[in-house]
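Coordinate analysis (summary)
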Amino acid sequence: MSMSIVYKDISPGSTENSTTTATFQTQYSDLSRFKDSLQNENYGTFENDFWLLDGSFSVLPDNESDINISCWSGNIGSSTGATSDTSKTIVREYTGYYTSSGITLTFDTFNGEYPESITVQWLKDGELLSEQNYTVDNAVFYCANSVEKYNKIIIVFNTFPKNRRLRVSAIEDGTSYTYTDSTLKSVSLLQEISPISEEISENTLNCSIFTENETLTFQTMQPIFAYYNGKLLGKYFIKTATHENIKMWTLEATDYIGALETIQSYGGDYRTPITFDAYLQSILGDYYKYCDIESGLKTKSIKGYIGVTTAREALTHACFAVGACVSTANTDKIKIFTPKSTVKTVPEERIFYGGTTDISDIVTKCEVSMHYTNESLDRQTLLDEKLTETTTVLFNGGYTSLTFGNCTVVEQSANYAIVTPTSTTDNVTIKGYALSDFAKTISKSNTDITATTKANVIQVTSSPFVTDNNANDVLNRVFSHYSKNSKLNAQIVVDTEQVGDMISLKSPFGETLTGRILSMDLSGAGKLIGQAVILLEV
């Protein structure tokens, strides 16, 4: 039992700027997943002695769009790995030129299946730069070969796995380094969640790594993965890497939420409602493809106006409005879902002795501001000056009914416009009507208090998507959440529990308590230990 950290030293931008084709894939394959390095599922299929009935396999979904497979072969290898496929290649083409120390191929890591013989070619504009044959000996195999400025790779599978389909899960330009107990000097992971998304927490990883590779440099924003006994605990991105000495590095890493904090969202005018799914696509850009959104949430309505902010804040406001939770724990995606009420029981043998209960003041009242956005009667001039090149113009607030003079509009929203001047001698003009926010407060009081109870009012005033469409639902969620004023701090041996789960466990005082896990500070030395904060139901 052990914790492991996997660092991916890959050519920056190569995965995102690649297109992959294959000659042998099944109808269930989705080759676009190679572009995003998304995790595959372990689906059971009817190969001989393959589908173990131990709960580790999933059943293929009826809806093909819900199947998480990068590339499976239609045919199965013989007992020697031979196949009837006449063409057994994957071709990966790139926008631009890339340099790497080789490529890493991930096959069926769930079951340890892989082809024994492959050939890889690296090309530049059709010219063969290098060709290597490899004997594969692992489900994650590094094809070492330093090649500069290539823009195409051809992988030929000389054999398939014996008596199995060929399953290719990922292709990466570079290699991975795995660090386990002997090379990890310390590891700490913090996982957090808010049941109502009044804020979306950033999950973090901190570790110290001993490496014999004195030339290795840990690069910021490169991906790093944490596992316990092979189970994913989270995907992170390096924020800081400190070279303590020639063989020791200290890393601080953040998750997708921390990455979204660095990205600007231009907001927009959504007074005409759009779906939650469409809104996320508009604000998250390329990060949308990493979202795993509960299907029932996708059609929820978003209405209102939001100004320029961070992508993290823009996501927070929308999730708060529709009652969605966000978590990056135990996944390589951004999971967006509604809190579940199913209770997991933590047996006493997995609970450490001790623990404390924190009790905060009783909430006496919750107030929520319901927002209305109107436009002014007077048109204002937002820009009136000469421009010599394509320019992004940020407005001081939101505007509607925009008009433009002496320019071509490349892109526009309520908060900005990108324009190209049609003449450098005349002024470019932008005019529009300002959007103004008005708010009405609705409230809900705690009737289960006495005249001597100290006033404790929770106020939500600045959530732009709380409107006449959803204000009462939001108010009830806020009141229900903050009415729970007891938190249990407990240390447990983690099994399947994760943040957001409802659990039942014995308190230090012998009571059986039920609550939702808000956070866990994880460490793994022999066993995976979680210092949990649990919001109690009563």
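1. Quick look at the overall build of the protein chain
A tally of helices and strands in the protein chain yields 6 helices and 34 strands. Among the 538 residues that make up the protein chain, the fraction classed as buried is 49%. Across the protein chain, contacts joining residues at least 24 apart in sequence account for 74% of those joining residues at least 6 apart. As displayed, the protein chain offers around 25200 Å² of accessible surface, 46% of which is attributable to carbon and sulfur atoms. One finds the centroid of the 41 positive side-chain charges in the protein chain at a distance of 3 Å from the centroid of its 63 negative side-chain charges.

2. Some remarks on the nonpolar core
L189, F218, L505 and I534 are the most contacted members of the largest nonpolar core, which has 42 residues in total. Beyond its immediate stretch of four places on either side in the chain, L505 contacts V346, I351, L488, A490, I492, E511, T512, L513 and I534. Of all hydrophobic cores here, the second largest spans 31 residues; its members include L297, I302, L315 and V326.

3. Focus: the environment of A226
Here A226 shows up in strand β12 (residues 223-228). For A226, a relative accessible area of 0% puts it in the buried group. For the pair A226 and Y236, spaced 10 residues apart in the sequence, the C-alpha separation amounts to 8.1 Å. Apart from residues lying up to four places away in sequence, A226 is in contact with S4, I5, L189, K231, L232, L233, G234 and Y236.

4. Examining helix α6 (residues 471-482)
Helix length check: α6, at 12 residues, gives a terminal C-alpha distance of 16 Å against a target of 16 Å (1.5 Å per residue), a fit within 8%. Within α6, burial applies to A471, V474, L475, V478, F479 and H481. The buried side chains of α6 occupy one side of the element, clustering within an arc of 165° when seen end-on.

5. Focus on the sheet that holds strand β17 (residues 291-293)
Read from one edge to the other, the open sheet built from 3 strands follows the order β17-β21-β20, with strand pairing classed as mixed. Strands at the two margins of the open sheet, each flanked by one partner only, are β17 and β20 (325-327). Each strand axis lies, on average, 20° off the axis of its neighbour in the sheet, ignoring direction. With 3 bridges connecting them, β17 and strand β21 (residues 334-337) associate as parallel partners. Note on β21: the bridge partner recorded for C291 is I334. Sheet strands in contact with helix α3 (residues 276-284) are β17 and β21, and its direction is about 170° off that of β17.

6. Observations concerning unusual backbone geometry
Phi is positive for M221, close to 70°, though the residue is something other than glycine. The topology assignment puts M221 in the loop between β11 (204-210) and β12. One non-glycine residue, N406, lies in the positive phi region at around 60°.

7. Digging into the environment of K8
Summarising the element assignment, K8 is placed in strand β1 (residues 3-10). Residue classification places K8 among the buried positions, given a relative accessible area of 15%. The spatial distance from the C-alpha of K8 to the C-alpha of N42 is 22 Å, given a sequence separation of 34 residues. Discounting residues that sit within four places of it in the chain, K8 has contacts with E172, T175, S176, Q222, P223 and F225.

8. A look at the environment of D181
Secondary-structure assignment places D181 in the loop between β9 (170-179) and β10 (184-192). A relative accessible area of 45% means that D181 is categorised as partly exposed. In sequence terms D181 and I5 are 176 residues apart; their C-alpha atoms lie 9.5 Å from each other.

9. Observations regarding the packing of aromatic side chains
Enumeration according to the criterion identifies 19 aromatic pairs in this entry. Look at Y134 and F141: their rings are 6.1 Å apart centre to centre, the planes differ by 75°, and that puts the pair in the edge-to-face class. Its relative accessible area of 10% is what places Y134 among the buried residues. Feature note: the residues Y7, Y177, Y179, F218 and W249 constitute an aromatic cluster, connected by ring pairs. One residue, K185, lies across the ring of F210, its end atom 5.5 Å from the ring centre. One residue, K335, lies across the ring of F337, its end atom 5.8 Å from the ring centre.

10. Brief notes about the sheet that holds strand β27 (residues 407-412)
Pairing within the open sheet is antiparallel, and its 3 strands lie in the order β25-β28-β27. Of all strands in the sheet, those bounded by a partner on one side alone are β25 (391-394) and β27. Adjacent strand axes in the sheet meet at a mean angle of 30°, parallel and antiparallel pairs treated alike. One ladder, built from 5 bridges, connects β27 with strand β28 (residues 416-421); its direction is antiparallel. Along β28, the bridge assignment pairs E411 with I418.

The rules we used
Residues numbered from 1 in each chain as written. Predicted model: local features only at pLDDT ≥ 70, side-chain atom pairs only at ≥ 80, totals over all residues. Heavy atoms only, no water. Helix = DSSP H or I, 4+ residues; strand = E, 2+ residues; numbered from the N terminus. Buried < 20%, exposed > 50% of the residue type's maximum accessible area, 1.4 Å probe, protein only. Contact = heavy atoms within 4.5 Å. Areas by Shrake-Rupley, 256 points an atom, 1.4 Å probe, with all protein chains shown as cover. Lys, Arg positive; Asp, Glu negative; His and termini not counted. Charge placed at Lys NZ, Arg CZ, Asp CG, Glu CD. Core = buried A, V, L, I, M, F, W, Y, C linked by side-chain atoms within 4.5 Å. Expected span 1.5 Å × (residues − 1). Arc of directions from axis to C-beta. Pairing = 2+ DSSP bridges. Axes fitted to C-alpha atoms, helices over the stretch in contact; angles between N-to-C directions. Phe/Tyr/Trp six-rings, centres within 6.5 Å; stacked < 30°, edge-to-face > 60°. Lys NZ or Arg CZ within 6 Å of the ring centre and 35° of its normal.

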